[in-house]
Amino acid sequence: MSKKVLLLAIAVLFGSQAGLAMASNPDTGPGCGLGKLAWGEYKGQKEIAPQVLQATTNGSFGSSTFGISFGTSGCTNDGKIMSEHKTTTFASLNLDALTAEMAQGQGEHLASLATLMGVPAERHAAFFAMTQERYTSLVKAGEASPVALVKSLNDAIASHPVLAQASVR
Amino acid sequence: MLLPFLAFLACLFAPVPSDAQHSDRELYLKQLIDQAEQAKLAGQREWLLLLHYRKGLFGGYESEQDDPGFFLSPNGKTDPSAELAATLAQFFSAELVGRSRQPAQCAFIARYHWLKEQLQFDPTRLPPLSCERFDRWYEDFEVQSISLIFPSAFLNNPASMFGHTLFRVDQKGQTEHTRILAYTINYAAQVPPNAGPIYPIKGIFGSYKGYFSTIPYYLKVQQYRDIENRDIWEYRLNLTEHQLRRFLMHAWELGNAYFDYFFFKENCSYHILALLDYADPDLHLTDEFLFWTVPADTVRLVVSKPGLVSDITYRPSRSTVIKRKRESLPAAERDLAHSITQDIGELTSPTFAQLVPAKQAFLLDLASDYLRYRIETTDSPKPEWKERNRAVLTARSQLRIPSEEFTVRPFARQPELGHKMHRVAVGGGWRNNDTFEEATFRGGYHDLLDPEVGYTPDAQIEMASITVRHYNRADQTRVERATLLNLLSLSPIDSVFHAPSWKLNVGMNTIRHNDCQLCSNGFLSGGIGGAKEFRLLKREVLFAFAETEASVSKAYHEMHRIGGGGTVGMLADITERWKFMATGTYLKFPLGDKSDDFRWYIGSRFTLARNWTLRLEYNHRDRDNDVVFSVQTFF
């Protein structure tokens, strides 16, 4: 994920520069905006990205989004990501690293996602092997939206002989 | 069971106090204020830390905090006692205060708990309020410990030239694979949109406001490791449960606060140290910094406190990973990985197919690292890089084996092992047919010949340096050299890394020109070029620059000369302790004093101890020869 795409994602998710982000993505209503976030749409947005980049450079990914005791904004509450959005937020902000690690069958982003999804540590290896095996279809889901990726992973876990036994959040 | 119920009742009745309750409240407040005065609480270290008071030059106190909402008394910024009294008064009220809009007991929860402990609040007369927002925020950390995080220096961005520091709040049950999920406590300037190139200058003089935030560590890792390619050092701190709670309570209060951001002193490193100071008031960390706070110095200070740091972890940047992986391969395989990034047809070549799967996996991972490096460090990445990365990863997924652990050794060791920031040197030598003694003070920070341990390799930042020299035969004492700023960044180029090298130098020196034997000369010069690394002996970096220079001196006709030319040079590690540099420059000046210059420099450093070195340097300019031998110490 390049810096511009990352910053644009943060803008869409957390609503900093919400006007800009919504103008480019009219389906994104108020709130967290995760369901509608699709990576394919961001290819022709060079004219928007620099503005978002400017807005957040050295503000280090927007202190107003993660500001301590700033109240509720988009996906965050006093700077903390709301628990119901933790997994999808993580998936959408780390899609590149996750994609690579699924192909490589291990990695800290993948282990962290498994933890967020409630896969116990002793079953991480099985989870990694599963993502490697289903790599192509998972990447397709990830390109559609982070919500679709998490859903595909959940479905895959549910139908997996070892992983299905684990309680899944 | 009974206690929350009572608290609930207290809350219920608090907004409509009867006269009797009202007068008791007044009475109890007065009693608390008297008690606080007797105990001299307003002058105690904890109170001063909580409000960020600093003793002024002429006595009295002033808070470094700049948000008026942080104080409950109108004179709070300069009057610790008035602020303490106003704070106590506000604790009786459920009125929402501060930027975070909460009752004072919750908005300033560290103050509340400290005063409650000191004055033993009577819960029936000063009923505690519940602070659900704080509780939820605090619980969500699942705090186990705090780590100090140091992303190393990044010379190509003025704002991060010296590195950065932040805290990570480590979670219970966190493993080395899931620590990216932890939150950080970060302090940064809020730079407005379209700040433009002026922002570093505004940053120096406090034009921006700095805020605290809790950015997830995975975003910081992405920013530093993957996008800016900075190595990260993580220092796990030993704090007790009580200290952790104080740390986070104060962090919560600072959500109401902003500080004017001053790049050199009141910067990221300074204000986050204040959190540690409050967590353990015996540490006295912020007291150590008077004029400037350099991130590496704060790390050095934290590490120097006995027992404070328990564990140090290194997190390599993507570019370091790529370099180390390449080093570990024989040349043929290194080339093969590189050709895959150029043409994915290589994946079906017999050379690749005959490799064992583990080796194929290693090469594919390296190819993907490299493609992602290119995509993230280029302004408009080529679409085919993304396609190639996709093809590489698809091929990788088909191998059905997990990548093996690859341990990456850092190129630069951790910052606290490096030399200190200020430097003093004394020396002597010959210039033409005179002898001299000289003394130098340098404010900061590191030059190419200084001991490299702990510093970004091949990068130089010199600031505020002055040399005074006495010539024996001429019997003259003069300011020989002064440096305002001397930056130099060498980035060795190879098939993967293509960044240019550059330099910028502003200062004055003493020249011999035309009829003038010792003349002051002010100059501004800059250059751009390339560097290449060799490993013939130990490590050598060869470099070349194209450059321009403008000078002002009374030695010149028309008082000035402007021109350009080039430099070639070499920086070489001969042994662990001995470093050598040689440069040759030719400059032609067509404007002002029409002239040209041949310059040679040969310098050599020998390290005696971490903060002690010897230098022998030879400078030649035109008809001017200068040899100086010096002893240097860092402090």
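Residues numbered from 1 in each chain as written. Chains lettered and ligands numbered in written order. Predicted model: local features only at pLDDT ≥ 70, side-chain atom pairs only at ≥ 80, totals over all residues.

**Notes on the overall build of chain A**
Put simply, the rule is: Helix and strand assignments come from DSSP, with helices taken as H or I runs of at least 4 residues and strands as E runs of at least 2, each series counted from the N terminus. Residue burial here comes from a neighbour count, namely the number of other C-beta atoms, placed from the backbone, that lie within 10 Å of the residue's own C-beta, with 20 or more meaning buried, 12 or fewer meaning exposed, and in between meaning partly exposed. By definition, residue pairs are in contact when their C-beta atoms, positioned from the backbone, come within 7 Å.
Of the regular secondary structure elements, chain A holds 10 helices and three strands. Each helix and strand of chain A, ordered N terminal to C terminal, gives the series α-α-α-α-β-β-β-α-α-α-α-α-α. Counting all 169 residues of chain A, 54% fall into the buried class. Excluding contacts between residues fewer than 6 apart, the proportion of contacts in chain A whose partners are at least 24 apart in sequence is 61%.

**What about the sheet that holds strand 10 (residues 259-261) of chain B?**
Residue and element names in this part refer to chain B. The cut-off we apply is this: Here, a strand pair is defined by DSSP locating no fewer than two bridges between the strands. Angular values range over 0 to 180 degrees, each being the angle between N-to-C directions of two axes fitted as lines to C-alpha atoms, with helices fitted over their stretch in contact.
Here seven strands make up an open sheet; going across it, the order is 10-8-7-6-5-9-11 and the pairing antiparallel. Only two strands of the sheet have a single partner each, and these edge strands are strand 10 and strand 11 (309-315). With direction set aside, neighbouring strand axes in the sheet form an average angle of 30 degrees. Relative to strand 8 (residues 208-213), strand 7 (residues 183-190) is paired through five bridges, and the arrangement is antiparallel. Following the sheet pairing, Tyr187 is matched in strand 8 by Phe212. Each of strand 5 (143-151), strand 6 (166-171), strand 7, strand 9 (232-237) and strand 11 is contacted by helix 9 (residues 217-227), which is oriented at about 60 degrees to strand 7, the strand it contacts most.

**Concerning the domain arrangement of chain B**
Our working definition: In this document the domain limits rely on a domain assignment from an automatic tool or a database.
Here chain B is partitioned into domain 1 (28-128), domain 2 (138-315), domain 3 (329-397) and domain 4 (418-634). Taken over C-alpha atoms, the centre of domain 3 of chain B sits 42 Å from the centre of domain 4 of chain B.

**Points about the interface of chain B and chain A**
We apply this condition: As a working rule, the residues Ala, Val, Leu, Ile, Met, Phe, Trp, Tyr, Cys and Pro are called nonpolar, Asp, Glu, Lys and Arg charged, and the rest polar, with Gly in that last group.
In this complex, chain B contributes 45 residues to the contact, which on the side of chain A involves 40 residues. Among the elements of the structure, helix 7 (132-141), strand 7, strand 8, helix 9, helix 10 (241-253), helix 16 (357-377) and helix 17 (383-397) of chain B are those that each provide at least two residues to the side of chain B that touches chain A. Residues belonging to the side of chain B that touches chain A are distributed by class as follows: 22 nonpolar, 16 polar and seven charged.

**Some remarks on the sheet that holds strand 1 (residues 72-73) of chain A**
All names here are of chain A. Overall, antiparallel pairing links the three strands, which are arranged 1-2-3 in an open sheet. Each end of this open sheet is capped by a strand with a single partner; those strands are strand 1 and strand 3 (80-81). Of the strand pairs in this sheet, strand 2 (residues 76-77) and strand 3 are connected by two bridges, and their pairing is antiparallel. In the strand pairing of strand 3, Asn77 is matched with Lys80.

**As for the confidence of the model for chain B**
Residues and elements named next belong to chain B. Defined as follows: The quantity known as pLDDT measures the predictor's confidence residue by residue, on a range of 0 to 100.
Across chain B, the average pLDDT comes to 91, with 95% of residues at or above 70. Note that pLDDT drops below 50 for residues 1-15; the model gives that stretch eight contacts with residues more than four away or on any other chain. For this predicted complex, the interface confidence comes out at an ipTM of 0.88, alongside a pTM of 0.89.

**Structural notes on the nonpolar core**
Residues and elements named next belong to chain B. Counted only if it meets this: What makes a nonpolar core is a set of buried Ala, Val, Leu, Ile, Met, Phe, Trp, Tyr and Cys residues, with links drawn between C-beta atoms within 7 Å.
One finds Ala251, Leu275 and Ala367 to be the most contacted residues of the largest nonpolar core, which totals 150 residues. With residues up to four places along the chain from it excluded, the contact list for Ala367 reads Ala337, Ile340, Thr341 and Val392. With eight residues, the next largest nonpolar core counts Leu448, Leu488, Ala531 and Phe543 among its residues.

**What about the pairing of strand 8 of chain B?**
Residues and elements named next belong to chain B. Counting buried residues in strand 8 gives five out of six residues, a clear majority hidden from the surface. Of the pairings in the sheet, the one linking strand 8 to strand 10 comprises three bridges and is antiparallel in character. Counterpart to Gly210 in the pairing with strand 10 is Phe259.

**Focus on the confidence of the model for chain A**
Confidence in the prediction of chain A, expressed as mean pLDDT, is 74, and 64% of residues score 70 or more. Contacts of residues 17-30 of chain A to residues separated by more than four positions or lying in other chains number 20 contacts, the stretch itself having pLDDT below 50.

**A few points about helix 11 (residues 268-279) of chain B**
All names here are of chain B. Short version of the rule: For a helix, the expected span equals 1.5 Å multiplied by the residue count minus one.
Across its 12 residues, helix 11 extends 18 Å between first and last C-alpha, which sits within 8% of the 16 Å expected from 1.5 Å per residue. Most of helix 11 sits inside the fold, with 12 of its 12 residues counted as buried. Residues Cys268, Ser269, Tyr270, His271, Ile272, Leu273, Ala274, Leu275, Leu276, Asp277, Tyr278 and Ala279 constitute the buried set of helix 11.

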